[in-house]
Amino acid sequence: MPELPEVEVTRRSFARAIEGARVVGVRVGKPLRWPLGCDGAVLVGRTVTTVGRRGKYLLLEFDSGVLLIHLGMSGSLRFSDNLPLAGVHDHFELQTTQGGLRLTDPRRFGAVVYVSAITDPLALKLLGKLGMEPLSDDFDVGQFCAGLKQRKSAIKQVLLAGQLVVGVGNIYASEALFLAKISPLARADTLGRVRCARLHAAIRVVLSQAVERGGSTLRDFSSADGQTGHFQTQAMVYGRAGLPCRACGTMIESMRQGQRSTFFCPLCQSA
DNA sequence: AGAAAATCCTGGTGGC
DNA sequence: TGCCACCAGGATTTTC
């Protein structure tokens, strides 16, 4: 499930290799979450300048125009000068002078959207209300705490919502809350200065460690050069229901919060 | 208005 | 074996 670390690992795995490439062809498969927003042919002849990221969106910037790429929950990219024959789950492909960039996405919750600029209304609609970037300097403790003070729902769900801080999905929300020793059920507005600062730090630690480990490969995630991640092997709580807590030995529990599974240690995260 | 909760999309999987 | 409920991320819709 691509969350911020998987998207960032993907970005790093092909950004350098694709920069300067000129588009020579586009292949579109089945429809994704949203329409591409242009005829694929109009991309031919454009040159890739940079590959950026905002939240879980990759921003493939051309000398003119930008492709917003979202991996949804089952998407992965591959960039290679020798891609295998396209399969049934390959739904977008950019052929360039430096190799082919292909999106494979069985569930098709992902998206590739063309906008003429990052200031385009459609881009603003998708990116405009996103929260702070957790790994950048703009992830300010004060702003984070102030934001939490305004939310009455459970802290786990506030993290997932992405309006305050982006990129923290189901895996890393559980992990960060464990690291910060905060119950996923705690109301966001009840967290004081100390727990709030601890959570802020925990989010940064968990996400940056996950990036270092190449992300989490639960089923089939791999970066654009085919590498799998292995953060999942060091998860403290995610997917560990019924197993002993790595810190205190208490049995890890799971529950449902807003139709999503949450994992936590009832002792370490009792407050 | 703005926050919170419910809904929807798809295909792989596990249980029976 | 086949069928079906269930699960997942997050934008969108509905409710409060």
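In case you missed it, the structure is sitting above this.
Just so it is clear, the model here is predicted, and its values are computed rather than measured.

So, how was this worked out
Residues numbered from 1 in each chain as written. Chains lettered and ligands numbered in written order. Predicted model: local features only at pLDDT ≥ 70, side-chain atom pairs only at ≥ 80, totals over all residues. Heavy atoms only, no water. Pairing = 2+ DSSP bridges. Helix = DSSP H or I, 4+ residues; strand = E, 2+ residues; numbered from the N terminus. Axes fitted to C-alpha atoms, helices over the stretch in contact; angles between N-to-C directions. Contact = heavy atoms within 4.5 Å. Phe/Tyr/Trp six-rings, centres within 6.5 Å; stacked < 30°, edge-to-face > 60°. Buried < 20%, exposed > 50% of the residue type's maximum accessible area, 1.4 Å probe, protein only. Near = heavy atom within 4 Å. Polar contact = N/O pair within 3.5 Å; in protein donor to acceptor, adjacent residues only side chain to side chain. Patch = residues over 30% accessible without salt bridge, like charges linked within 9 Å, V, L, I, M, F, W, Y side chains within 5 Å. Areas by Shrake-Rupley, 256 points an atom, 1.4 Å probe, with all protein chains shown as cover. Salt bridge = Lys/Arg side-chain N within 4 Å of Asp/Glu carboxyl O. Expected span 1.5 Å × (residues − 1). 1 Å grid on protein atoms, 1.4 Å probe; cavity = no way out; pocket = protein on both sides within 12 Å on 5 of 7 lines; lining within 4 Å. Points joined across faces, edges and corners; volume = space filled by probe spheres on them. Domains from an automatic or database assignment.

Engineer: Any chance you could explain the sheet that holds strand β7 (residues 99-104) here in plain terms?
Structural biologist: Strand-to-strand pairing in sheets goes through backbone hydrogen bonds, with the strands running parallel or antiparallel. Pairing is antiparallel across the open sheet formed by four strands, whose spatial order is β1-β6-β7-β5. Strands with a single pairing partner mark the edges of an open sheet, and in this sheet they are β1 (23-28) and β5 (76-80). Here the average twist between neighbouring strands, direction ignored, is 10°. Sheet analysis places β5 next to β7, joined by five bridges and oriented antiparallel. When the bridges of β7 are listed, S80 appears paired with G100. Helix α1 (residues 4-18) rests against β5 and β7 of the sheet, and its axis sits at about 30° to β5.

Engineer: Before we go on, may I ask you to explain the packing of aromatic side chains in this structure?
Structural biologist: For any pair of aromatic rings, the description rests on two quantities: the centre-to-centre distance and the angle between the ring planes. Going through the model one piece at a time under the given rule, you end up with four aromatic pairs. Pairing F139 with F144 gives two aromatic rings, centres 5.3 Å apart and planes at 70°, and the pair type is edge-to-face. Since its relative accessible area comes to 3%, F139 is described here as buried. Plain terms: the ring middles of Y172 and F231 are 5.4 Å apart, the flat faces sit at 55° to each other, and that makes the pair tilted.

Engineer: What's the story with the sheet that holds strand β4 (residues 66-70) in this structure? I'm lost.
Structural biologist: Spatial strand order, β2-β3-β4-β8: four strands in an open sheet with antiparallel pairing. Single-partner strands in this sheet number two, and they are β2 (48-54) and β8 (111-115). Averaged over all pairs of adjacent strands, the angle between their axes in this sheet comes to 20°, without regard to strand direction.

Engineer: So what exactly am I meant to see when it comes to the protein's contact with DNA strand B here?
Structural biologist: The environment of DNA strand B is formed by K30, H89, P106, R107, R108, F109, R151, K152, S153 and Q259. Here the atoms of DNA strand B within 4 Å of the protein split so that 68% fall in sugar or phosphate, with bases taking the remainder. H89 has a polar side-chain atom sitting 2.8 Å from a phosphate oxygen of DNA strand B. The backbone of S153 places a nitrogen or oxygen atom 3.3 Å from a phosphate oxygen of DNA strand B.

Engineer: Just to check I follow, could you spell out a nonpolar patch on the surface for this structure?
Structural biologist: Residues M1, M73, F109 and L218 make up a contiguous nonpolar surface patch of roughly 340 Å² in combined accessible area. By secondary structure assignment, the location of M1 is in the segment before α1. On the accessibility criterion, M1 (36% relative accessible area) is partly exposed.

Engineer: Help me understand helix α6 (residues 193-212), please; the structure alone is not making it clear to me.
Structural biologist: For an α-helix, the turn length of 3.6 residues means that residues three or four places apart are oriented alike. With 20 residues, α6 should reach 28 Å at 1.5 Å per residue; the first-to-last C-alpha distance of 29 Å fits that figure. The elements touched by buried residues of α6 are α1, α3 (141-149), α4 (155-161) and α5 (170-179).

Engineer: Explanation requested: the layout of surface pockets in the structure shown.
Structural biologist: If you roll a probe as big as a water molecule over the atoms, it shows you where there is empty space left. As a volume, the largest pocket reaches approximately 990 Å³. K56, H70, G72, L160 and R260 are the residues nearest the centre of the largest pocket, which is lined by 34 residues in total. Counting residues per element, the lining of the largest pocket draws most heavily on α4, which supplies three residues. A domain-level breakdown of the lining of the largest pocket finds at least three residues from each of domain 1 (4-127) and domain 2 (141-264). Considered as a void within the structure, the second largest pocket measures approximately 310 Å³ in volume. Around the second largest pocket sit 13 residues that line it, and M1, M73, S74, R219 and D220 are the ones nearest its centre.

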